[in-house]
Amino acid sequence: MQKEECFYLGKIVSKFSFKGEVIIKMDTDYPEMYQEMESVFVDFNGNLVPFFIETIRLYKGNGLRVKFEDVDTEADADDLMKAQIYLPLDLLPELDEGQFYYHDVAGFNVVDHIKGDIGTLREVREGVQDLFVIDFQDKEVLVPVNDEFIERIDYDNKKLHIKTPEGLIDLYL
């Protein structure tokens, strides 16, 4: 399995017990959707390695407490610390109308309602405020990911139509 065929699910952030359990901080608002997983891919030096799950339960907000098969000690769990967790793209939950996954729009052309074509969406930078990172004429334009700014997504023509507050785009041009 290659990373291009997967989506990022979260990261192993700590050990939970001396029996090899770990805590995965999930990159989702709905960790309960993943309580029935049987396996995940763990990133080891750029290689995705399958790990099978013995037990799994919700943990504090957007976390999962996981016991992997053959990870039975603290030392085993230490080897997994900070590792990123992935699942195949075909396991992504279906979205409601108007919703999208960030990886779906990467590479789309971004069209502002006033400025017109403002460049290519390179990535969505996640943080306290997620940002569209748009490449425009050797400059980086940052636009907050906000439902009010997104007019529509044209998947057929790979275009993201946005309506930003007046002056926002001008800050970068």
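Presented here is a report on the structure given in the accompanying data block. Values in this document were obtained by computation on a predicted structure and should not be read as measured data.

1. Considering the sheet that holds strand 11 (residues 150–154)
Move 1: Reading across the sheet, the six strands line up as 10-9-8-7-12-11 and stay open at both edges, with mixed pairing between neighbours. With partners counted over all chains shown, the strands left at the sheet margins are strand 10 (139–144) and strand 11, one partner each. Each strand of the sheet is rotated relative to its neighbour by a mean of 35°, with strand direction disregarded.
Move 2: Pairing of strand 7 (residues 109–112) with strand 8 (residues 116–125), which is carried by four bridges, proceeds in the antiparallel orientation. Its bridge partner being in strand 8, D112 is matched across the sheet by G116.

2. Considering the sheet that holds strand 3 (residues 39–44)
Move 1: Spatially, 1-2-5-4-3-6 is the arrangement adopted by the six strands of the closed barrel, whose pairing is antiparallel. Pairwise comparison of adjacent strand axes, ignoring direction, gives a mean angle of 45° for this sheet.
Move 2: In this structure, strand 2 (residues 22–26) lies alongside strand 5 (residues 63–68), joined through four bridges in antiparallel fashion. Among the inter-strand pairings, I24 is bridged to a residue of strand 5, identified as L64.

3. Quick look at the environment of D78
Move 1: With respect to the helices and strands, D78 occurs in helix 1 (residues 74–78).
Move 2: Spatially, the C-alpha atom of D78 lies 43 Å from that of I153, the residues being 75 residues apart in sequence.

4. A short note on the environment of P31
Move 1: By the element assignment, P31 lies in the loop between strand 2 and strand 3.
Move 2: Between the C-alpha atoms of P31 and G63, which are 32 residues apart in sequence, the distance is 6.8 Å.
Move 3: Setting aside anything within four residues of it in sequence, one finds P31 in contact with M26, L58, G61, N62 and L64.

Rules used in this analysis
Going along each chain's sequence as written, the residues are numbered from 1 onward. Since the coordinates come from a predicted model, pLDDT governs what is reported: local features require at least 70, and pairs of side-chain atoms require 80 or more to be given and counted, while whole-chain, interface and lining totals use all residues. Hydrogens are left out, water is left out, and the side-chain values use all remaining heavy atoms of the structure. For two strands to be treated as a pair, DSSP must find at least two bridges joining them. Numbered from the N terminus, helices here are DSSP runs of H or I no shorter than four residues, and strands are runs of E no shorter than two. Between N-to-C directions, angles cover 0 to 180 degrees, with each direction set by a line fitted to C-alpha atoms, over the stretch in contact for helices. Here a residue-residue contact requires only that any non-hydrogen atoms of the pair lie within 4.5 Å.

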